[in-house]
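A look at the structure
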Amino acid sequence: MTTFLTLLFYFSAAVLLVGVSLKIAAYARTPAPLLIPTTPAPTTTGGVVLRMLREVTLFESLFKANLWTWAASMVFHASLALVLIRHLRYFTEPVWSWVALAQPFGLYAGLSMVLGLAGLWARRIFVERIRYISTPSDHLMLALLLSIAASGLCMKFFSHTDIIGVKSFILGMMRFDLQPLPADGALYLHLLLVASLLLIFPFSKLLHAPGVFFSPSRNQADNPREKRHLAPWAAELEK
Amino acid sequence: MADAITAPPYRIIPIIPALKPGSMAGSIPYIANEKMQEAIGFPGKLADNWQETHDAVIAKMGELLSKYRSLKVYLDACVHCGACSDKCHYFIGTQDPKNMPVARQDLMRSIYRRYFTLPGKLFPKLVGARDLTREVLDEWYSYYNQCSECRRCSVFCPYGIDTAEITMAAKEILDSVGYGQKYSNEIIGKVHKIGNNLGLPGPALENTLEGLEEDVKEDTGIDVRFPLDVKGAEVLLITPSADFFAEPHIDSLIGYAKVFHASGVSWTLSSMASEAGNFGMFIGNYEQLRKIALRVREAALELGVKRIVVGECGHAWRVAYSFWNTLIGVGAGANDPYAIQLQNQLDLRYKQPMHICEFTWDLIQRGGLSFDKEANDKHIITFHDSCNVARASRMGDLPGGQFEIPRNIIKTVANNFVEMRDNTTREKTFCCGGGGGLLTDELLDLRVKGALPRMEALQQVTDSHGVNFMATICAICKAQFTKVLPIYGFDRRVVGGVHQLVSNAIKLGDK
Ligand code: SF4
Ligand code: SF4
């Protein structure tokens, strides 16, 4: 199992890195021939950075759209961030002090993450409009995230895992010096699910994470009268 | 039309209606004929062999994906959160789930996934991917012609996904395989042939303008001029051709002329560029967008004007404000010879291009105009923000100037101003229901239903404040409301232009 999971992680991490990098490169390479910020929009680059920050930290547009969806996704994403920070302790030796400080928050966040996901799923099931637009993969994605959270919490609250062993396994993977993984069903499941999440990231709607930064309606400054904006293929037409 | 078109009932509680799948599947605008298609460089009709069309659609989609970052990112990034799902006026009015912005996008996203992504190739059912069939293409034709490209959905999407971009891409693909929409493509043909969307030839335009001079003289006793093709004029006014004879548009044209008269700035219209509208945007075709705009560049160079001012028109202002610098060099900050040629001629101390509302407001602030506000006392006025002005352009120096400046003008020229409900104005404004190349009679049912949210908001201020005039700065809004207001039980003259109010109140001659 140790070898299998190690290889799986190497593989999925590679797919994630290469896949997302290729996507980002493709987004960056594709020209945006016309200025199309959704106005009112900031007129300067600094303003655009602020708009983007508000968008990715406060979900400003979603807030305007629907308070319930906003609340559920805020709870989910903020919890996810805290949980990820909590997990950094498995990747650092010695553990960074701020990661150590965040440990208790990360724990509660595991619970609130489940709540957030449940809220999002409830919307998908009970709101007619959203049920209509949902594909099987939308449900599966929520199922996957929920199972990851549940299997993780399970190891904390029910069947304690040998976390020292987990840490040495992970550090070993990072240093290409394999260490045995503690034999534990919940742990196997947790790691398998996480690996599959990494694997599907570059092929799924999880691309919203890098995508938002490339969204022309959000990342362009509103300055068309002051600056001439011309894409290479459009410039060809003037020749 | 077999059945008389009636207005849908107002919603008692303005929440989201239950879905009525397929209720608008029969909304299909007339298809452009071969002549219209070929006149603007598209294939005349669909190939007889489906496979050929199929391959052409996929190839065109691939091409657009490599040319437009918006399309590429938007097709990937949607998480089906549903934040946009209840934001479209066509969905609210028709209850057809395919009019939810996200569902409209999915009509194309399903094809994108199938042909351009790994999971869609491997597990189409799982990710909502499907094969491109003739039925899919027909569905595109129907539902992408039920989007006015108003961008309301993009305000609320956490990734700014703008369904208008997808709609434009879809229309571009459909055109490229010979499946164009008659209304838009016929109009584009007219612009190239005659110079404006309405097909009003130069001599007729001259007559109309002369007639207007006489009318205004009769009305006010003052010689307000409507100059045409005057070389060396300071300002070139580019305005939607509807301003030349449609009601109530023409009253705003009179307003612009009076403002120019009072300002003492010399100005001219152009018979070559007698159209501000640019339907190239509606069909998502860059070459047409540019070609139509080029008439403005030519006219400006030929007449040697120093400034370009744009009349009351929503999508035209988007094209002028956001795209002209890119397309034809009207603007500032260029470092290429093509644009510099024009920018050297223009007086860059002024905004290029400038909206007529910016021009008027600027004069008002400098004390250059005086008004008899009481002349508008018969009106209790509200303001309808037009979608392209609100969400795709700006006026003045600050973000949101496009909301403040027209309102400031109204408050300067009239005493009674009332706002409509605030989730129906400014950046959250509802489209009139007739934008995006849908202002055609065979789509009247859709247009009436799409106007529902605006009509509800108008009814509310009519009941509470006695509003009897809805000012707007868009030729399409004016034409659309003139048609649908009576269907909702209002007088058609409730809609009018901002410069119509200016025209009523402006004092000429006694300065
Ligand atoms: S752009 Fe406007 S008309 Fe089109 S889907 Fe979005 S809200 Fe509806
Ligand atoms: S708001 Fe944006 S991400 Fe959410 S469903 Fe609509 S288009 Fe997709």
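No experiment lies behind these values; they were computed from the predicted model shown. (Residues numbered from 1 in each chain as written. Chains lettered and ligands numbered in written order. Predicted model: local features only at pLDDT ≥ 70, side-chain atom pairs only at ≥ 80, totals over all residues. Heavy atoms only, no water.)

**Digging into the sheet that holds strand 6 (residues 469–472) of chain B**
Residues and elements named next belong to chain B. For clarity, the threshold we go by: Should DSSP find at least two bridges between two strands, the strands are regarded as paired. Working definition: helices are DSSP H or I runs of at least four residues, strands are E runs of at least two. Numbering for both runs from the N terminus. The angle between two axes is taken between their N-to-C directions and runs from 0 to 180 degrees, where each axis is a line fitted to C-alpha atoms and a helix contributes only its stretch in contact. Contact between two residues is taken to exist if any of their heavy atoms lie within 4.5 Å; hydrogens are not considered.
Taken in spatial order, the three strands of this open sheet run 5-6-7, and their pairing is parallel. Edge positions in the sheet fall to strand 5 (381–383) and strand 7 (495–497), since each has one partner strand and no second. Each strand axis lies, on average, 40° off the axis of its neighbour in the sheet, ignoring direction. Where helix 22 (residues 475–484) meets the sheet, it contacts strand 6 and strand 7, and its direction lies at approximately 160° from that of strand 7.

**What about the domain arrangement of chain A?**
Residue and element names in this part refer to chain A. Heads up, the rule is: Annotation comment: domain bounds sourced from an automatic or database domain assignment. Salt bridge criterion: a side-chain nitrogen from Lys or Arg within 4 Å of a carboxyl oxygen from Asp or Glu. Under the scheme applied here, ten amino acids are nonpolar (Ala, Val, Leu, Ile, Met, Phe, Trp, Tyr, Cys and Pro), four are charged (Asp, Glu, Lys and Arg), and all others, including Gly, are polar.
Its domain assignment divides chain A into domain 1 (38–134) and domain 2 (135–210). The gap between the C-alpha centroids of domain 1 and domain 2 is 19 Å. Across the boundary between the two partners, domain 1 contributes 22 residues, which contact 22 residues of domain 2. Linking domain 1 to domain 2 there are one salt bridge. Where Lys-167 meets Glu-93, a salt bridge forms, and the shortest distance between an N and an O atom there is 3.0 Å. Those elements that provide at least two residues to the side of domain 1 that touches domain 2 are helix 4 (67–87) and helix 5 (97–126). With 10 residues, the single largest contributor to the side of domain 1 that touches domain 2 is helix 5. Considering only residue class, the side of domain 1 that touches domain 2 consists of 13 nonpolar, five polar and four charged.

**Comments concerning a nonpolar patch on the surface**
Going by this rule: For patch detection, residues must exceed 30% relative accessible area and be free of salt bridges, and they are connected within 9 Å for like charges or within 5 Å for nonpolar side chains (Val, Leu, Ile, Met, Phe, Trp, Tyr). Using a 1.4 Å probe, the Shrake-Rupley method yields the accessible areas, and only the shown protein chains count as cover for residues. Accessible area is worked out with a 1.4 Å probe on protein chains only. A residue is then buried under 20% of its type maximum, exposed over 50%, and partly exposed in between.
Side chains of Leu-140 and Phe-203 of chain A together with Leu-118, Leu-122, Phe-123 and Leu-126 of chain B sit close together on the surface and give an oily, nonpolar patch of about 560 Å² of accessible area. One can find Leu-118 of chain B in helix 6 (residues 118–122). Residue Leu-118 of chain B is classed as partly exposed on the basis of its relative accessible area of 44%.

**Thoughts on the nonpolar core**
For the record, the criterion: For this analysis, a nonpolar core means a set of buried residues of the types Ala, Val, Leu, Ile, Met, Phe, Trp, Tyr and Cys, connected via side-chain atoms within 4.5 Å.
Met-108, Trp-140, Phe-226, Trp-324 and Leu-458 of chain B are the most contacted members of the largest nonpolar core, which has 192 residues in total. In terms of nonpolar packing, the next biggest core, distinct from the first, is built from 17 residues, Phe-76, Ala-109, Leu-120 and Ala-149 of chain A among them.

**Describing the pattern of salt bridges**
Residue and element names in this part refer to chain B. Within the structure shown, the criterion is met by 40 salt bridges over all chains. Notably, a salt bridge pairs Asp-162 with Arg-151, separated by 2.7 Å at the nearest N-O pair. One end of the pair, Asp-162, is in the loop between helix 8 (152–156) and helix 9 (163–176); the other, Arg-151, is in the loop between helix 7 (134–143) and helix 8, and 11 residues separate them in sequence. A salt bridge links Arg-447 to Asp-441, with the nearest nitrogen and oxygen atoms 4.0 Å apart. A residue is classified by how much of its surface remains accessible, and Asp-441, at 49% relative accessible area, is partly exposed. Through salt bridges with shared partners, a single network forms among Asp-385, Glu-404, Arg-407, Glu-419 and Arg-426.

**A look at the site of ligand 1**
Residues and elements named next belong to chain B. Heads up, the condition is: Whether a residue is near a molecule or strand is decided by its heavy atoms; if any one of them lies within 4 Å of it, the residue is near.
Around ligand 1, the surrounding shell holds 13 residues, and the nearest of these are Cys-88, Cys-147, Cys-150, Arg-151 and Cys-153. Among the elements of the structure, helix 4 (89–94), helix 5 (101–116) and helix 8 are those that each provide at least two residues to the shell around ligand 1. Of the residues that constitute the shell around ligand 1, the class distribution is six nonpolar, three polar and four charged.

**Considerations on the sheet that holds strand 3 (residues 307–310) of chain B**
Strand pairing in a sheet relies on backbone hydrogen bonds. The paired strands run either parallel or antiparallel. All names here are of chain B. Across the sheet, four strands lie side by side as 2-1-3-4; this open sheet has parallel pairing. Only two strands of the sheet have a single partner each, and these edge strands are strand 2 (267–268) and strand 4 (354–355). Where strand 1 (residues 235–238) and strand 3 come together, four bridges link them in parallel fashion. Note on strand 3: the bridge partner recorded for Ile-238 is Val-310. Its contacts with the sheet put helix 12 (residues 249–263) on strand 1, strand 2 and strand 3, and the angle it makes with strand 1 is roughly 170°.

**Regarding the site of ligand 2**
Lining the immediate surroundings of ligand 2 are 13 residues, of which Cys-78, Cys-81, Gly-82, Cys-84 and Cys-157 of chain B lie closest. Partitioned by chemical class, the residues of the shell around ligand 2 number 10 nonpolar, three polar and no charged.

**Observations concerning helix 11 (residues 202–220) of chain B**
All names here are of chain B. Here is the rule we go by: Helices are assigned an expected span. That span is 1.5 Å times one less than the residue count. The arc in question is formed by the directions pointing from the helix axis toward the C-beta atoms.
The end-to-end C-alpha distance of helix 11 is 27 Å, a good match for the 27 Å that 19 residues give at a rise of 1.5 Å each. Taken together, the buried positions of helix 11 are Leu-205, Leu-209, Leu-212, Glu-213 and Val-216. Looking down the long axis of helix 11, one finds its buried residues gathered within 100° of arc, a one-sided arrangement. Every exposed residue of helix 11 that faces more than 90 degrees away from the buried side is listed here: Pro-203, Asn-207, Glu-214 and Glu-218. Where helix 11 is buried, its residues meet helix 12. Gly-221 sits one or two positions beyond helix 11 and adopts a positive phi of about 75°.

**Here we look at the pairing of strand 1 of chain B**
All names here are of chain B. Inclusion rule: When the strands point away from the viewer and the path from the first strand over the helix to the second turns clockwise, the crossover is right-handed.
With burial as the criterion, each face of strand 1 is covered, one bearing Val-235 and Leu-237 and the other bearing Leu-236 and Ile-238. As paired elements, strand 1 and strand 2 share two bridges and run parallel to each other. Of the residues in strand 2, the one forming a bridge with Leu-236 is Thr-268. Traced from strand 1 through helix 12 to strand 2, the parallel crossover comes out right-handed.

**A few points about the domain arrangement of chain B**
All names here are of chain B. Stated precisely, the cut-off is as follows: As used here, buried area is the combined drop in accessible area, with a 1.4 Å probe, of two parts when they are placed together.
By the assigned domains, chain B splits into domain 1 (8–180), domain 2 (195–362) and domain 3 (371–505). Using C-alpha coordinates to define each centre, domain 2 is positioned 22 Å away from domain 3. Facing the 31 residues of domain 2 at the interface are 30 residues of domain 3. At the boundary of domain 2 with domain 3, total buried surface from both sides reaches about 2400 Å², with 63% on carbon and sulfur atoms. If you look at where domain 2 meets domain 3, you find two salt bridges.

**Regarding the layout of surface pockets**
Over the atoms rolls a probe the size of a water molecule, and its path tells where empty space is left. Rules: Cavities and pockets were defined on a 1 Å grid built over protein atoms only: a cavity is a set of grid points that admits a 1.4 Å probe from which the probe cannot escape, a pocket is an open set flanked by protein on both sides within 12 Å along at least five of seven lines, and lining residues are those with an atom within 4 Å of any such point. Grid points are joined across faces, edges and corners, and a volume is the space filled by probe spheres set on the points.
Taken as a whole, the second largest pocket holds about 730 Å³ of empty space. Every residue lining the second largest pocket is counted, 33 residues in all, and those nearest its centre are Ile-200, Pro-202, Phe-203 and Ser-204 of chain A together with Pro-119 of chain B. The set of elements that each furnish at least two residues to the lining of the second largest pocket consists of helix 1 (2–29), helix 7 (136–157) and helix 9 (185–200) of chain A together with helix 3 (69–77), helix 5 and helix 6 of chain B. Top contributing element to the lining of the second largest pocket by residue count: helix 7 of chain A, with five residues.

**Focus: the pairing of strand 6 of chain B**
All names here are of chain B. Taking every second residue as pointing to the same face, both faces of strand 6 are buried, with Phe-469 and Ala-471 on one and Met-470 and Thr-472 on the other. Relative to strand 6, strand 5 runs parallel, the two sharing three bridges. For Ile-381, the partnering residue across the bridge sits in strand 6 and is Phe-469. Sheet topology note: the strand 6/strand 7 ladder contains three bridges and is parallel. For Thr-472, the partnering residue across the bridge sits in strand 7 and is Gly-497.

**Some details on helix 2 (residues 50–67) of chain B**
Applied cut-off: Whenever a nitrogen or oxygen atom comes within 3.5 Å of another N or O atom, the pair is scored as a polar contact, on the condition that within protein one atom can donate a hydrogen and the other can accept it, and that pairs from neighbouring residues in sequence are kept only if both atoms are in side chains.
The terminal C-alpha atoms of helix 2 of chain B lie 26 Å apart, and with 18 residues this matches the ideal 26 Å at 1.5 Å per residue to within 8%. The set of residues buried in helix 2 of chain B consists of Thr-53, His-54, Val-57, Ile-58, Lys-60, Met-61, Leu-64, Leu-65 and Lys-67 of chain B. Those residues of helix 2 of chain B hidden inside the fold are in contact with helix 12 (232–236) of chain A together with helix 3, helix 5, helix 7, helix 9 and helix 14 (286–303) of chain B. Here helix 2 of chain B starts with a cap whose side-chain oxygen sits 2.8 Å from the backbone nitrogen of Gln-51 of chain B, and that cap is Asn-49 of chain B.

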